[in-house]
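# Fold and contact review
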Amino acid sequence: MTAARPSLPQALVLADSHRGAVRHLLGHVQAKGGLRNFLHGLRGLCDITWDAPSLGRGECHVALGLTYAGLLSLPVPRHVRQVLHRRAPAFCDGAALRAPARLGDTGINAPRHWSEAFGPTLHFILTLHADSPNDLDRQTEAVKALRDRGNPVRLHELKGSWIGAPPGQQGQWVHFGYRDGLSHVRLDHPAGSRPGGVAAGEVLLGHPREHGDNPWLLARQRSRLLRELFLDGSFGVLRQIEQDTAAFEAYVDTAAQRLRQAWPQAAAQLASLRDLVKAKLCGRWPDGRAFDPRAGGLLPEGSAQHPPEQLQFQDDAAGQACPFAAHVRRLQSGGADLAHARRRVLVRRSRPYGKAAWHPVDGQVERGLLGLFFCASLEDQFEHLLGHWVDAMPLGLPGDRHTKDPLIGHHDDGGAPFEIALPGQAPLPLPHMPRCVRTRGTAYAFYPGQRGLQLLLEEHDLLDRDEEEPLP
Amino acid sequence: MKRRPVQAPDACRALLGSRQQLSEHEFARQVFEYLCDDAGRTALYAALREVGGVLKLQSLATHDEGNARPAAGAELDGTVYLLANRHWVQSAFVDGDRFTNAPYAPLGSGDFLLSLDPQRGDAVLHQAQKDALWNAFHDRAMPLRDIAAWASRAARLSWLGRDEFDLARLAEQAALRFGQAVFGLAGSDMPMLVQKMPSVYRGMTHQMFARHFVAEPAAVQQGRGAMAELVTRCGQLMKDYALDAPDWPQGLERLGDGLPDFTPVLKVLALGGGTLHGMQRAVIVVGALAGMIGNIQAGSCIALRWLLDRERAGMLADARQRARSLGADGDQKAGLWEEFILPALRRHPPAPFLPRRTLQELSGIPAGADCILCVGAATAEAGSDAEAAALMFGLEPGPASTGLHWCLGAELARVMISRIVGDMLRLAGLDEQLDTRDGQPLGLDKRWGYACERFPLRYRRDLRVAQQPLNAAFRVRQPAAEHAQQLRAIIRHGAARIERVLRESRHVHFAWFQFLEDDHVLVLHTVFDGDFSAYLQHFALVVDDLFDALFEHLEGAPPLPVADHPEEFVSTILAHHRPATEDFFFSAYPQTTTPQIVRAGALR
């Protein structure tokens, strides 16, 4: 038995691209063996980016995820499927089967309402980042030409791009009017991140997780395929969320009005009650600054130019400044407030889509977020976050369990009202939130490491012959 | 996978056009498949409308079933006519000179309410039955809303113990309890109702419709047998009510807490009942009860299926919003019926087929022909939901009805269906269960287009009851006495640490160990908040060494050390978990989590 050969994770898993425009090509292969041919055709035309530092240079960055249907179509042998079923059941089931129960996607958000791009025949997701949509158009045309050269693949395009900042603000912002790109997960991995960061096994397979365990440690397996296929791979989630910016901004108006009535002295003290409402919903001010607990959470702390990467809540144990139900506070993994020992690390590489419109909003344009997330366990990380920290209050945090995440939760089927603390008064419940976001689709994919992809595409013999029973 | 008929009208037209190529029985069988499927039925009606709305089919039934031998001249291989337009259905309801209710007769004695022909010789008896029931329900302001709330709550307690549940069973249970309370059966009668009512309903629906297409000779006989037992029981109850009036009869188990005071139907009939004798009174109770329970179950399932359909996402959101604003105490019927339930039932009536027999030749249909009234075809042609409601339920219920027909259970069904639908819409995360093979909703399974056999739904149980129990039972290794002693020592020495870890976890309410079977089995009991896997994984990470020590003495241990294999630890505990019987779990504070309780205690 030989040790697993060195591998590399896909660069996008380790760091975000510095290019602002994204194109996700969702491919549905329509012929047996077509996926392998198609992926072979990509070589030299659209090479996967393996070198994380290169994300800061180069014209176009590429990442590739394969769905379970995609892996089956290559095909992969039975013992690989057995390992996947045992260790990654969510990946094998697919997002559509899991979403109603695990992600809170019911009603209008349910998979039966998703876009066709996320249908059950989805085999791969090719993600391209470049500076401009024109660059991506050229690259996409080249991929489409490959399709037209005898590779019957149905391609759906999802286009996103940074949308800049509102007048007078800096950095990149997202719809709903918040600064983006403030928190980064730095992995402790030799290929491009920093020692002392998050344990690589939280995102990359085959490495120890934070508590020292390594569920994808397959070095003892007799099968070379098993030993090498998953190393430095990661599970990715592409999730398209439509955002009704007009509804959200109208809600902020209503909530600010409620705040003004409940607390008239604030209207005189504060420049913008709207900003305060937005800050309370998010857990930090729209420009990214943290709450200043000394000011009762009514003023921002620090400078908008250098907002903190991670917010700290030790000085706000009662949730006076930052509500427990706020988006950032509930989702900041590893927060001391939470009940479970396990952190729920999630790497986020997202871009908005649709034209920016800051308040007031043109309600006719479809806009939203193309979320791309990476983790080592879809069940324990992505699904736990969405199902237990977004669709309900995370355990350990005080407050009504029915309070959903105010920014990305689905409020169609109710939930408890969001409350904000006011100095010297009882907490003020804000009006029930309208439906501001809608899930348009979600896909789970495996993003193989360099060695794993090589095995899948080149070593036919291994895929055909390597039929060892996996060890437990 | 269950085969479903092609649902497009074009396919129905093709089927109608291909009749000459099929045997008459095969043609009837294929039409029957369409009739049994909600979407297929709609498509078939659309195709039939283009050819006049009447379809003659070969029938497996004869007019004289139930008799030892056919009467002279009876057809052994008969025919039946589908009447699939509004004109014929309406006409059959009101025209006693041309249509008779006789096909109902095999269900029971000649006294059975449905089999009487009010426009013919049965007018006196029929009117007496209507008067008796009308008095029982409507003269005494029965608190139907409160009874419905009570019945629905009881059913939810039994059927919402897990995330996944079957609405068909829940709605049936709610309907049975509603009927039990309204009519005044005892608490101890529930097992009999649960056992007998499905047979009665199966017999009814077979006689009313399915006998023409499926050979199930025992269905009507078994239905009659079950009905006879229920009639006997209702007769006894009426005697009890009459003897012990005005008090509650001795030895009669009351139904339970939360049910308002009112006079149930059996008691009213026992003390009044007009000119009817005891058997006649009991028969109308059982007949009404059977139809009502089936219709409530079907109506609830149909309405929710309709709202959960992918085409109606906006309507579902509105319905949820309405149900939430009504709250559990609001008038569910006033808030939900007309806007969200009636449109569904109009397209898919709970009783989609009713039987009649012609008394004279009618436009090519001979006298004495069995007919199936396609209620959904008629309601589809109605100009409005209100007109459709009149076709389904009668225009003006009451003794002086001037409607098309008089539906005794309509008001009861409206109240109870609205209650069930409202309570379901208020469940967090309500949605259909998906088929793991294709990701499509498992859907609503009906038998013969009537009875709902299965409608798998799911919801977030953890948002209804925050806590859940874990009872993980492991067999102690042999020699058990020795290992049990070691286990006791580990638990005793680790108690302080276990307590600290549990307290710091902030999601465990209670936890204890218990030896069973003379120290051969060790059970870990806990009551905790939230998700099973996350809860177990937490302890795999924070007290892994304690579990390592315990598993040294237990059979079926996961790979050790636990810290290196947290997923296997979780799956091992789950495999050894013994769920609460019937998923019954009581919590005095179902919405309250550990941190909230601890914080409240600290404040005090």
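Above: the structure in question.
All of these numbers come straight from a predicted model, not from anything done at the bench.

This part takes up the side chain of A:Thr106. The residue A:Thr106 is located in the loop between α6 (95-103) and β3 (124-130) in this model. Residue classification places A:Thr106 among the buried positions, given a relative accessible area of 6%. Contact partners of A:Thr106, with chain neighbours within four places excluded, come to A:Pro100, A:Asp413, B:Arg320, B:Gly429, B:Leu430 and B:Asp431.

With that settled, the discussion passes to the nonpolar core. Taken as a class, soluble globular proteins show a tendency for nonpolar side chains to be buried jointly. The biggest cluster of nonpolar side chains holds 150 residues, and the ones touching the most others in it are B:Phe165, B:Leu167, B:Phe178, B:Phe209 and B:Met424. In terms of residue count, the dominant contributor to this core is helix α11 (residues 278-308) of chain B (19 residues). Excluding its chain neighbours within four sequence positions, the residues that come into contact with B:Phe165 are B:Trp159, B:Leu160, B:Leu170, B:Met424, B:Leu427, B:Leu430, B:Gln433, B:Phe455, B:Pro456, B:Leu457, B:Arg458 and B:Tyr459. Among the nonpolar cores identified, the runner-up in size contains 90 residues, and A:Trp216, A:Phe230, A:Val237 and A:Val347 belong to it.

The two faces of the sheet receive side chains in turn, since in a regular strand these alternate between them. Residues and elements named next belong to chain B. Within strand β2 (residues 79-83), four of the five residues are buried, which leaves the element mostly enclosed by the surrounding structure. In this sheet, β2 lies alongside strand β1 (residues 54-58) in antiparallel orientation, the contact comprising five bridges. Residue pairing across strands places Val54 opposite Leu83, the latter belonging to β2. Inspection of the sheet shows β2 paired to strand β6 (residues 370-374) by four bridges, in the parallel sense. Its bridge partner being in β6, Val80 is matched across the sheet by Asp370.

Turning next to the interface of chain B and chain A. Taken together, the contacts link 42 residues of chain B with 42 residues of chain A. Roughly 3500 Å² of surface becomes buried between chain B and chain A when both sides are summed, with 53% attributable to carbon and sulfur atoms. Joining chain B to chain A, the criterion identifies four salt bridges. Linking B:Glu567 and A:Arg209 is a salt bridge whose minimum nitrogen-to-oxygen distance equals 3.0 Å. The tally of links from chain B across to chain A stands at eleven residue pairs in polar contact (both at pLDDT 80 or more). No other element matches helix α18 (residues 532-542) of chain B, which puts six residues into the side of chain B that touches chain A. Looking at side-chain class alone, the side of chain B that touches chain A contains 16 nonpolar, eleven polar and 15 charged residues.

Attention now moves to the pattern of salt bridges. For the structure shown, the criterion picks out 66 salt bridges over all chains. With a closest N to O distance of 3.7 Å, B:Arg305 and B:Asp309 form a salt bridge. Classification of B:Arg305 as partly exposed rests on a relative accessible area of 24%. For B:Asp309, a relative accessible area of 17% translates into the label buried. Among the salt bridges present, the one from B:Asp423 reaches B:Arg419, with a minimum N-O distance of 2.9 Å. On the criterion of helical spacing, the pair formed by B:Asp423 and B:Arg419 is a turn pair, its members being four residues apart in helix α16 (residues 410-425). Here B:Asp423 and B:Arg419 have matching classes, each one buried. Through salt bridges with shared partners, a single ionic network connects A:Arg23, A:Asp137, A:Glu141, A:Lys144 and A:Glu157.

Attention now goes to the sheet that holds strand β11 (residues 467-475) of chain B. Residues and elements named next belong to chain B. One open sheet holds the three strands; their spatial order is β11-β13-β12, and the pairing between them is antiparallel. Both edges of this open sheet fall to β11 and β12 (508-516), since each of them pairs with a single strand only. When strand polarity is set aside, the average angle formed by the axes of neighbouring strands in this sheet is 15°. Pairing of β12 with strand β13 (residues 521-529), which is carried by eight bridges, proceeds in the antiparallel orientation. Directly across from Trp512, in β13, lies its bridge partner His525.

Once that is clear, we can look at the packing of helix α1 (residues 9-17) of chain B against helix α2 (residues 24-36) of chain B. Residues and elements named next belong to chain B. Put simply, α1 and α2 touch, their axes get as near as 10 Å, and they point 160° apart. On the basis of the axis angle, α1 is roughly antiparallel to α2. By crossing handedness, the relation of α1 to α2 is classed as left-handed. Where α1 approaches α2, its residues Ala11, Cys12, Leu15 and Leu16 are matched on the opposing element by Phe27, Gln30, Val31 and Tyr34. Counted by class, the contact of α1 with α2 contains seven nonpolar, one polar and no charged residues.

All names here are of chain A. If you check helix α7 (residues 133-148), its first and last C-alpha atoms are 22 Å apart, about what 16 residues at 1.5 Å a residue would give, namely 22 Å. Here α7 has its buried residues at Leu136, Gln139, Thr140, Val143, Lys144 and Leu146. For α7, the angular spread of the buried residues around the axis is 145°, confining them to a single face. Along α7, the residues that are exposed and aim more than 90 degrees away from the buried face are Asn134, Arg138 and Asp148. On its buried side, α7 packs onto β1 (21-29), α2 (34-42), β2 (60-66), β3 and β4 (153-161). In the segment just after α7, Gly150 is the residue with positive phi, at about 85°.

Calculation rules
- Residues numbered from 1 in each chain as written.
- Chains lettered and ligands numbered in written order.
- Predicted model: local features only at pLDDT ≥ 70, side-chain atom pairs only at ≥ 80, totals over all residues.
- Heavy atoms only, no water.
- Helix = DSSP H or I, 4+ residues; strand = E, 2+ residues; numbered from the N terminus.
- Buried < 20%, exposed > 50% of the residue type's maximum accessible area, 1.4 Å probe, protein only.
- Contact = heavy atoms within 4.5 Å.
- Core = buried A, V, L, I, M, F, W, Y, C linked by side-chain atoms within 4.5 Å.
- Pairing = 2+ DSSP bridges.
- Buried area = accessible area lost by both parts, 1.4 Å probe.
- Salt bridge = Lys/Arg side-chain N within 4 Å of Asp/Glu carboxyl O.
- Polar contact = N/O pair within 3.5 Å; in protein donor to acceptor, adjacent residues only side chain to side chain.
- Nonpolar A, V, L, I, M, F, W, Y, C, P; charged D, E, K, R; others polar.
- Axes fitted to C-alpha atoms, helices over the stretch in contact; angles between N-to-C directions.
- Parallel < 35°, antiparallel > 145°, perpendicular 65-115°, else oblique.
- Left-handed = near helix turned anticlockwise from the far one by under 90°.
- Expected span 1.5 Å × (residues − 1).
- Arc of directions from axis to C-beta.

The values are spatial; any link to function lies outside them.
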